[in-house]
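Take a look at the letters that make up each chain.
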Amino acid sequence: MKVKDLLIGAAYYTEYMPYERVEKDMQLMKEAGINTIRIAESTWSTWEPHDNIFDFSKLHHVLSMAEKYDLNVIIGTPTYAVPSWLIKKYPDIMAITKHGQEIYGGRQHFDLTNPTFRKYCERITRRLMEEQKKYKCVIGFQLDNETRAANAANSGTQQLFVESLKQKYPDIDEFNHEFGLDYWSNRVNSWEDFPDIRGTINGSLSAAYKKFLRDVITGFLAFLASIVREYMRPDQFITHNFDYAWDDHSVGLQPLVDQPEAAECMDIAGCDIYHESNEDFTGIEIDFGGSIARSLKNDNYLVLETACQGLTQWLPYPGQIRLQAYSHLASGADSVMYWHWHSIHNAIESYWKGILSHDLKPNREYYEIKEYAGEMNKLKKSLLHLNKKSKAAILLDQRSLTGLDEFPINTVLTYNQIFRWMHDTCYKMNLETDIVYKESNFSDYKLLFVPALYSASKETIEKLRAYVQSGGHLILGFKSCFSDEELKIYPDSQPFMMTDLVGASYSDFTYPKNTALLLKDISGNEYKAPLSKWIELLIPSDAEVWARYDNPFWKDYAAVTHKKNGTGSVTYLGCYFEEKELEMLIKKVIQEEKVNISLRKEHFPVIIKEGMSENNKKIRYIFNYSSHSEEYCHDTDNLKVLLNNNEVLPLDGNEVVRPGATLKIEPWNLLILSEI
Amino acid sequence: MKVKDLLIGAAYYTEYMPYERVEKDMQLMKEAGINTIRIAESTWSTWEPHDNIFDFSKLHHVLSMAEKYDLNVIIGTPTYAVPSWLIKKYPDIMAITKHGQEIYGGRQHFDLTNPTFRKYCERITRRLMEEQKKYKCVIGFQLDNETRAANAANSGTQQLFVESLKQKYPDIDEFNHEFGLDYWSNRVNSWEDFPDIRGTINGSLSAAYKKFLRDVITGFLAFLASIVREYMRPDQFITHNFDYAWDDHSVGLQPLVDQPEAAECMDIAGCDIYHESNEDFTGIEIDFGGSIARSLKNDNYLVLETACQGLTQWLPYPGQIRLQAYSHLASGADSVMYWHWHSIHNAIESYWKGILSHDLKPNREYYEIKEYAGEMNKLKKSLLHLNKKSKAAILLDQRSLTGLDEFPINTVLTYNQIFRWMHDTCYKMNLETDIVYKESNFSDYKLLFVPALYSASKETIEKLRAYVQSGGHLILGFKSCFSDEELKIYPDSQPFMMTDLVGASYSDFTYPKNTALLLKDISGNEYKAPLSKWIELLIPSDAEVWARYDNPFWKDYAAVTHKKNGTGSVTYLGCYFEEKELEMLIKKVIQEEKVNISLRKEHFPVIIKEGMSENNKKIRYIFNYSSHSEEYCHDTDNLKVLLNNNEVLPLDGNEVVRPGATLKIEPWNLLILSEI
Amino acid sequence: MKVKDLLIGAAYYTEYMPYERVEKDMQLMKEAGINTIRIAESTWSTWEPHDNIFDFSKLHHVLSMAEKYDLNVIIGTPTYAVPSWLIKKYPDIMAITKHGQEIYGGRQHFDLTNPTFRKYCERITRRLMEEQKKYKCVIGFQLDNETRAANAANSGTQQLFVESLKQKYPDIDEFNHEFGLDYWSNRVNSWEDFPDIRGTINGSLSAAYKKFLRDVITGFLAFLASIVREYMRPDQFITHNFDYAWDDHSVGLQPLVDQPEAAECMDIAGCDIYHESNEDFTGIEIDFGGSIARSLKNDNYLVLETACQGLTQWLPYPGQIRLQAYSHLASGADSVMYWHWHSIHNAIESYWKGILSHDLKPNREYYEIKEYAGEMNKLKKSLLHLNKKSKAAILLDQRSLTGLDEFPINTVLTYNQIFRWMHDTCYKMNLETDIVYKESNFSDYKLLFVPALYSASKETIEKLRAYVQSGGHLILGFKSCFSDEELKIYPDSQPFMMTDLVGASYSDFTYPKNTALLLKDISGNEYKAPLSKWIELLIPSDAEVWARYDNPFWKDYAAVTHKKNGTGSVTYLGCYFEEKELEMLIKKVIQEEKVNISLRKEHFPVIIKEGMSENNKKIRYIFNYSSHSEEYCHDTDNLKVLLNNNEVLPLDGNEVVRPGATLKIEPWNLLILSEI
């Protein structure tokens, strides 16, 4: 399902305003071309001030005004932050974690399995759905918000976990064996003896509980969806704002939610993408975040939250807000919605700034949105519902992420870093990638990157084998195919069940001390490159050795191997090195194996992203993510210009860009070309 | 109220001695010129070994001996560390914090509002007061010790907090609105639902609780004072040792105590000043600590604790103990008292060394005190009760400090750092400053520095406006006048209600990446200086731009502005830069606005401090805080020398220092000059 | 007691295997020359799956197979990790610490004094002893595993502690005085008031509790030994794997166990030695760990655990596993046993790898063991039961270690660092050292090193005095003889009771800022060397000053002194400097005092270690701990070669190495010479 129009919008909370100004705000939005607001998700204590006493007057006021000003509304269900009276009455709702019981005040710190909590969630959700149903402006619903299971280990939750294990392992001895519980006398000889999961030192068991908590989230969202769906019109949709692993901005796959599974109850995927800005804006988070969001329903997606001003350190340079918006569209987003319309004057997120600053006056940021909204309005026939299908894909896997969490390769090398290493290298060399999962169909892709697939069932490994055997080119990262689904390490040569296709195997690995990478540059000259964090000591059988170790004691081992397998191939990366060398190796695979992917001459900070418009024309975005101007030299297709930096050209124009033509891209600006 | 004599002394605990030697210690003190001891504050378990069973024999022994050796005694009430039996009986007295309930053993970790605790405090205080009353040697009383509210969030304390909110906000909706509690569903719709404060994510509420805990301290000290006062002679005084924010030494305004308010129940202000020493001794902590102490009663103050040897890393170079003592006097102190007479042989503070080392023998440190005590005895008619009044002041504000705690500018830029940036720059350029508060009379000062007045009521802002409008020169730091008293950010152009006087406004701010400060040096040449941590993007209206940003994207904004307002002026510092540039800007204000402050040519490590003696003569101290000798070139007044390095000159001498005369100052030494 | 044969072995757990392969594993061991396995210690939950229901089938299987394959077996009692059902029934068994009650899952986190725990320990131990008694292959028993008291402060444990204090201090006032409890009102006026030890701020009390917990371990091991002994044959032994202080490998004296006391109930000392490897392998941990183990029973010892592959970062270079094995023997070990035979596929220690990798196939590491096992089999008549007696010793003291823990010199200078500074300097200059304790006979040694003997009773100090007075050469480190056994600092000149023999005293100390060490090099020229972390300001009386401070303010103090006392001498090190200078000073003592120790010309990475074989011939090992080859130039005795790098020479050969002969040592390789 897709939205009908390009959504430009923001979260809007009249409840948070220092004084009433709904109509004024909506006028300002309207003038700027903002056409959508997202409301309601975190104001349960306003809707239901006392148990079973409701007051939706603010909701009605906002919805009425939205209809007056012709704004679309996405309503969020309010369950991620609960009223204080609920916890006074039912303190058990608060999650119990390793650190004891949570204290009321924050959000997303409840035991989602608590039956009382569920009962109250259902009632407020039903009441809200009743209240809103007469409003045409409501186009869709967001379930909860960035849902979390809060590491809850309340006794009821743990009981459900044990039940799930019992189901999976009718024979308790098999359970003990699969999880290796003999270790340190951890055997559970009867289910009644199951110890408090918070104390476990068993990585497999700990990972299984994390997986269980992800399933709790999937179940909770499905529960909310089933309620919401009872009240929906056919033209309305259900979405959710999935977020990503977080450092001080989005950095990779979210470890706490099984997003593809959780998205099954939804109509359109949604996401929150936050990134650095000003000097540090690269477009990378928008790219990988967009690829993940696109993968959830294999369709366009909504950017439900992204920063306008955002955190203090993110304040964008002039032009960047606009550039960011186009970057989202180039990834397949059908919306750009900000967290949030206005900066907040109290509480905790006062310095997570919105479009308007605290003075609530139109500002530079506001006018920049107005500028691009006007442009997009002219261009949207070509830009909305961009259909993207890359020739290369990256395989992501939640169990492997958890696996490396429980059994770290090295405290400074996480799963997401390995994913980002592969993703970012591709991004910077202008090789667009899709995200796939072990359930996906790999055969659509010429090239498949597999970062640290630490946990891989035999079925998954068979799929990878089949991919190669039917002509696919696999770039398999170190630490892949190492353990099974429960993180039990395979007691056989590594990478498990892949040594024949890889043409090499290993059983020893270590950190690189006094060790460099020896590999050949494009001209075939061997040179040394830095290594860090991880090396596997590969013993090649019939693979070509593409890189070795510069250390007298490891000199007989291979570092990177490559083996042709029929028309397919496997390149195995046995160590972690720099992006420059990874880029060189990717090019080598493409060239030597004649992979049907054209290498681009442009390189970051010039980034090219493509897709097909709704009327099936190729659309090419060319971005300049830098503070200096760049040149784009057109070389192949005859395309026409839709946007030349700040100049919008007529959609029905015919001014073709000929091969060899050179176009200038201003700092933090872009071009959009279209097939004629 | 002032003490009658210059007090040179130390904390003295016979209870802590490895063997009985009171008389020997007092003989040693007497010989060295030490005339005062501070006793009793932490030995409740000795006075009252069992509930309601008392033993004051050690007290009487010490007081009798003190009378024999003619020592003054300051008695501390003993409530900051309680006997173990009290907590065995009443465990509820221990504070409950975010980390659970405190375990007995330390100090200052009680719930000060606990009625049982209060009852026992009253009884031991009354008994102690009774016991001591026959001793003439007792000159005053110290209430408790560095009192803390221990972050207590016991339910009784929280209940009192809610009561105080109810009083202030009869309308609960107004309360919710002022604190922005709609955010994340935190509304409190009836006072009974008030959640455990320990969980709050609301910065305003958290700050209000911190303020409440400061009020608890004020109330507790007043409670003790009222008891003590019942027993006092008219010639005795009440004081308290206020301390400062702490890193590994005193670093700024104490965040946990409202010192001016707490001091209201006292007669003389007292303080603890700790500072680095040897290579790192600068006199700065003595200066700002003294200025704060002086501000509490607008009078001379007592240094009740300072380090003699102190922590291991502080061991002073020969001469520094003496230099430190004079530094205190030059700030207006009427005492120099050490923590403590002897180094402790057990427990926790064995390496917080006193005057005597663990061997309890006269040592280098002891003889250095003896040396300066002898000098001061000759000079004290001129040095005691120094009357100081600076031409410049710095406005400190506890709510703003808390505000930046709750809403950090940047994790590496605290309120105290901004205060210290202004203070230290003035100190090093020999521009003496007083400390004032929002209740103070600003009009006494030519120049008023305002560091990060993040929380400012409209009344306070009006006061600042009035100061400028009546001819004051205001140097207003970034992030000032941003939020109200409850930290609710003003929804208007910043700095709030000051944009007309500043002649500029802003709504955007960020951290300086790839950005330098562009400003003019003394000769008018523009140059670049480093920036760090914080920039505001100022949009000037009618201000002069004194500094800009060297970044192509921020180039149109101002960094520092200046605007004449009648005979007054406002200089607005929109960013954080180095002391060198701040000094240049301060000079520029003084020169361009012809502020009646004479700029000194001497610069740190030569520091000049002045005041008026009791008989109304100007006294000038000239310090050399360095390991090399310095020269002081006299240029204005005809003064005479009282102390020339280690030579004391007769008070009634007439040897005038003529303008142009040059005096040498030895390393870590000083001169004292006096008006004739 | 000594083992009868050289043990080469590994921990072996069929319980942890992903599939049954006992016979296959034992065949592989047999082929490699591995002759011993260590079993059973951590599998209580397998032996006793439900309360009082036992299943020893796996034990019998392993023991039967061991007999078939002629392997020795050491059986561990299983009490360091308990079954989950035990904690479900008796949750009180879990230790309560400062952080609350432990949660079941790990190991060594019980209250060892809990009577129920003891009862169950006794039952399982008796059952296990019954089951194993028919097997001849069992050569000995290991009690528990790396036993810990878990910082338990359960109320029962605390009660026992208070009882022990009551016993020691019948007069509670004496107790208060010795511990200095008047401080901060901490007096305990009746034993019933004794507060929860977890809250104490009294370093002496905290140290006494740590000592008490070490005694709990001693008692627990003795309890287990008394049970085991009831079932033992006379040829069997009791041992225990003592471990060392730990950083990311063994780093010094274990603070949590009184090893000499705990070893009293045992027949043979055992230990776990872990060390860095590849680039960072030095042999140092093997040396000091071996010296400590040797000191426990003054006899040969067992290395019960050492890493084969070990942690990822430790993966040894080819040849290092063999070199490590010989290094253990050269220290007096009679075994080399690995943790563990196979790498583990689940749980927590999957990346603490054993001999076999996860693939369970013979690998490089396996074949390297096979290689050296074959060599040792030929040489063991000369190598087993090496009798070592060094001319120099280092005095270690647990109370002093705890003392510096409670009263840190400097957060970056621990007791073990000071010990290691002395040890490692001696090691690198090829001066072999033994470890002694305050109970030892010092008179056997020419040279005695005393690192930071912070806690020293008068009796101990008298022993040191007697050592010097009877001709011993004492190198006394800073911070020695400072406090008594309860860490009460002596109220007299420092070092206490030693100032006459030292010829100097001090009462001031600090950290060295802007201060270097001034000392004379071998040629008598004064030069500056770096100082760090600690300086004492020594006032010499009649000592020679061997080093001073380069700082104008500390220039009159001494840094290192030396004083002849009859035929003995005391060298006092008043500060911490680099190993290079320490080595120079040690040489100076030996040369000037004509100490009967021959200084070697070889230096690290060439290391020489000696001892006497069983048939009383001198055995000399010469190791090359580096990646390059080294030369060894023979200079004194006529010895013959037993091992020349990888060549084994006949034991009855007569090829003498003449003085002046030069032998090459390959990288990470060794020579072994023997008296003819």
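The preceding data block contains the structure.
All of the points below concern the structure found in this document. Since the model is a prediction, treat every value here as computed from it, not as a measurement.

### Description of the interface of chain A and chain B
In this assembly, 55 residues from chain A lie in contact with 49 residues from chain B. Between chain A and chain B, a total of about 4,400 Å² is buried, with carbon and sulfur atoms accounting for 56% of that surface. Viewed at the interface, chain B and chain A are joined by three salt bridges. Notably, a salt bridge pairs lysine 361 of chain A with aspartate 492 of chain B, separated by 3.1 Å at the nearest N-O pair.

### What about the interface of chain C and chain A?
Taken together, the contact pairs 55 residues of chain C with 49 residues of chain A. Taken together, both faces of the contact between chain C and chain A bury some 4,400 Å²; the carbon and sulfur share is 56%. Counting the surface chain C buries against chain A, the share from its top three residues, Asn346, Ala347 and Tyr351 of chain C, is 15%. At the boundary of chain C and chain A, one finds three salt bridges.

### Structural notes on helix α3 (residues 57-68) of chain C
Residues and elements named next belong to chain C. The terminal C-alpha atoms of α3 lie 17 Å apart, and with 12 residues this matches the ideal 16 Å at 1.5 Å per residue to within 8%. For α3, the set of buried residues is Leu59, His60, Val62, Leu63, Met65 and Ala66. Turning to α3, the residues buried within the fold contact α1 (22-32), β2 (36-39), α2 (44-47), β3 (72-76), α5 (115-132) and β6 (138-142). Positioned one or two residues after α3, aspartate 70 has a phi angle of 60°, which is positive.

### Looking at the relation of the copies chain A and chain B
Of the transformation placing chain A onto chain B, the axial shift is 0.1 Å and the rotation is 120°, giving an RMSD of 0.1 Å. Such a combination of rotation and displacement between the chain copies is what one expects of a three-fold axis.

### Some details on the pattern of salt bridges
Residues and elements named next belong to chain C. The tally for this structure, following the rule as stated, stands at 165 salt bridges over all chains. The salt bridge partner of glutamate 371 is arginine 322, with a shortest N-O separation of 4.0 Å. Taken together, the positions of glutamate 371 in helix α12 (residues 364-383) and arginine 322 in helix α11 (residues 320-331) put the pair 49 residues apart, joining distant regions of the chain. Across the pair lysine 388 and glutamate 432 runs a salt bridge whose closest N-O atoms are separated by 2.6 Å. Of this pair, lysine 388 sits in the loop between α12 and β16 (392-395) while glutamate 432 is found in the loop between α14 (415-428) and β17 (433-436), placing the two residues 44 residues apart along the sequence. Lysine 388 gets classed as buried once you look at its relative accessible area, which sits at 10%.

### Examining the sheet that holds strand β29 (residues 575-577) of chain A
Residues and elements named next belong to chain A. Taken together, the three strands give an open sheet; going across it, the order is β21-β24-β29, and neighbouring strands pair in antiparallel fashion. For this open sheet the edge positions go to β21 (509-510) and β29, each flanked by a neighbour on one side alone. Across two bridges, β21 lies against strand β24 (residues 531-536) in antiparallel orientation. Opposite threonine 510, over in β24, you have isoleucine 535 as the bridge partner.

Analysis parameters
Residues numbered from 1 in each chain as written. Chains lettered and ligands numbered in written order. Predicted model: local features only at pLDDT ≥ 70, side-chain atom pairs only at ≥ 80, totals over all residues. Heavy atoms only, no water. Contact = heavy atoms within 4.5 Å. Buried area = accessible area lost by both parts, 1.4 Å probe. Salt bridge = Lys/Arg side-chain N within 4 Å of Asp/Glu carboxyl O. Helix = DSSP H or I, 4+ residues; strand = E, 2+ residues; numbered from the N terminus. Expected span 1.5 Å × (residues − 1). Buried < 20%, exposed > 50% of the residue type's maximum accessible area, 1.4 Å probe, protein only. Least-squares fit on C-alpha atoms with pLDDT ≥ 70 in both. Pairing = 2+ DSSP bridges.

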